[in-house]
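Letter by letter, the chains look like this.
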Amino acid sequence: MPAFNLATCARPNILALQPYRCARDDYKDDGTNVLLDANENAFGPSLAPSALTAASSSSSGADIDFLGLHRYPDPHQDDLKRLLCTLRNTHAHTPKTLTPAHLFVGVGSDEAIDALLRCFCVPGRDRILVCPPTYGMYAVSAQVNDVALLRVPLLPAPSFALDLPAVTAALSGPDAETIKLAYFCSPGNPTGSLLARADVEAVLAHPTWNGVVVLDEAYVDFADDSASLAELVTEHPNLVVMQTLSKAFGMAGIRLGAAFAAPEVARLLNSLKAPYNVSSPTSALARAAVGEEGLAVMRANRARIVEQRDRLVRELPAIPGVGRLRGGTDSNFLLYEMLDAAGRPDNDVAYKVYSVLAENRGVVVRFRGKEHGCLGCLRITVGTEEEVTRFLASLKEVLAQVRGQ
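What counts and what doesn't
- Residues numbered from 1 in each chain as written.
- Predicted model: local features only at pLDDT ≥ 70, side-chain atom pairs only at ≥ 80, totals over all residues.
- Heavy atoms only, no water.
- Buried < 20%, exposed > 50% of the residue type's maximum accessible area, 1.4 Å probe, protein only.
- Helix = DSSP H or I, 4+ residues; strand = E, 2+ residues; numbered from the N terminus.
- Arc of directions from axis to C-beta.
- Contact = heavy atoms within 4.5 Å.
- Pairing = 2+ DSSP bridges.
- Patch = residues over 30% accessible without salt bridge, like charges linked within 9 Å, V, L, I, M, F, W, Y side chains within 5 Å.
- Areas by Shrake-Rupley, 256 points an atom, 1.4 Å probe, with all protein chains shown as cover.
- Salt bridge = Lys/Arg side-chain N within 4 Å of Asp/Glu carboxyl O.
- Lys, Arg positive; Asp, Glu negative; His and termini not counted.
- Charge placed at Lys NZ, Arg CZ, Asp CG, Glu CD.
- Core = buried A, V, L, I, M, F, W, Y, C linked by side-chain atoms within 4.5 Å.
- Domains from an automatic or database assignment.

> Could you give an account of helix α9 (residues 197-204), with specific residues and numbers?
Listed as buried for α9 are D199, V200, V203 and L204. The buried residues of α9 occupy an angular sector of 145 degrees when projected down its axis, which confines them to one face.

Below, the structure is given as structure tokens:
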């Protein structure tokens, strides 16, 4: 049995926290009430009718009502949470069922990253474990909260798997009680590789570590349909699974993220959030995106992305100066080496290619050569057919120029 104990892992002040409540928590609005409780402007939003009409005519074709902007949004977002649960209740990993009580929703995954730190880590004392190369916001949020990092690198490319013995040893050491969170990214950023479920569950079952595994699944919808481990929070009280609508759903502009967790953990996260952290337009657009019609659009767009991803995997190796694929293909990006004239991965070459592509060709990728295990690498997001065509042609010319060939 794992050693996880929420009462001793979470910060005492968070355990004792009473969430902000409003009158509408006690008296639900059925649309006929006179609402004089929240100091709202009863005359409506300061927008011209033409602006509201344009906003309601979304490119997704969804029928979205923006006329309630003068009212505070639903602080609980139960309708949105039910749709997210329906999406992730695949029963590929457990017969148990996710419910809205398992969810926190917020301003992108970044709010969940920060909320978990505030919930479990005492500033100046506690630490989090991260596995580079990985998403940079874990470190940024930790620094903001005065929480130290323990870095346990992933195994070398191309697997970029968890170094399970090293992670287990770190969580078994004399100072392991100060490690409250372990952030794992799956599919990884910038690796594009899924972590093995067995490795994640091995950490969850650690017999002495009293901490929480945080699995960041921002890119999981580009992998197999059963890849998400979100429903395993019904089995493991020390697991939190973060997701976002920014990637496969193409909704980065609305900033909507979710964290699946055991109800006791989700309650703490919901208690410490701002009362109305998800705006009404964000909620309306998110519900449209994860509803039946929105899911059909997402899946069609995902198929087009996968087609172009496969094209890049076929065509990039034919370009002189492009080296090995250094990660997986479970996301909407690829990690490739750039080679010097002698055929070795080289950071100078990769950085020059990155700079010239952006400055002279108007094609922007990401230089990742300074990340652990990513020598000479560029991270390339999969674009449209036209964008991929332009990128491939530009890369071929720029690589030849940079390598002097």
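On we go from here.
> Before we move on, could you go through helix α7 (residues 137-144) and cite the residues and values that matter?
Listed in full, the buried residues belonging to α7 are Y138, S141 and A142. Seen end-on, α7 carries its buried residues on one side only, within an arc spanning 100 degrees. For α7, the exposed residues lying more than 90 degrees away from the buried face are Q143 and V144. On its buried side, α7 packs onto α6 (108-120), β2 (127-130), β3 (148-151), β4 (179-185), β5 (212-216) and β6 (239-244). Of the residues trailing α7, D146 is marked for its positive phi of about 55 degrees.

> Outline the pairing of strand β1 (residues 103-107), supporting the account with residue identities and numerical values.
Where burial is concerned, most of β1 is hidden: 4 out of the 5 residues are buried. Pairing of β1 with strand β7 (residues 256-261) involves 5 bridges; the strand directions are antiparallel. Paired with G106 across the bridge in β7 is G257.

> Please set out the sheet that holds strand β8 (residues 322-325) residue by residue, giving values where relevant.
Strand order in the open sheet made by the 4 strands is β8-β9-β11-β10, with antiparallel pairing throughout. Two strands close off the open sheet at either side, each with one partner strand: β8 and β10 (366-367). Alignment of β10 against strand β11 (residues 377-381), held across 2 bridges, turns out to be antiparallel. Among the inter-strand pairings, R366 is bridged to a residue of β11, identified as R379.

> Describe in detail a negative patch on the surface, supporting the description with residues and values.
On the surface, E307, D310, E385, E386 and E387 cluster together into a patch of negative charge. Of all the elements in the fold, those that place two or more residues in the negative patch are α12 (292-315) and α14 (385-402). By the element assignment, E385 lies in helix α14.

> Now, about the nonpolar core: what can you tell me, with residues and values included?
Most often, soluble globular proteins have nonpolar side chains that are buried together. Ranked by size, the top nonpolar core spans 54 residues in total, and within it L129, F184, L245 and F249 carry the most contacts. Ranked by the residues each element gives to this core, the list is headed by helix α5 (residues 78-88), at 4 residues. Split by domain, this core shows at least three residues from each of two domains, domain 1 (6-45 + 295-403) and domain 2 (70-294). Excluding its chain neighbours within four sequence positions, the residues that come into contact with L245 are G250, M251, A252, I254, L256, A286, A289 and V290. The next biggest cluster of nonpolar side chains, apart from the first, holds 33 residues, and it includes C9, A115, C185 and L269.

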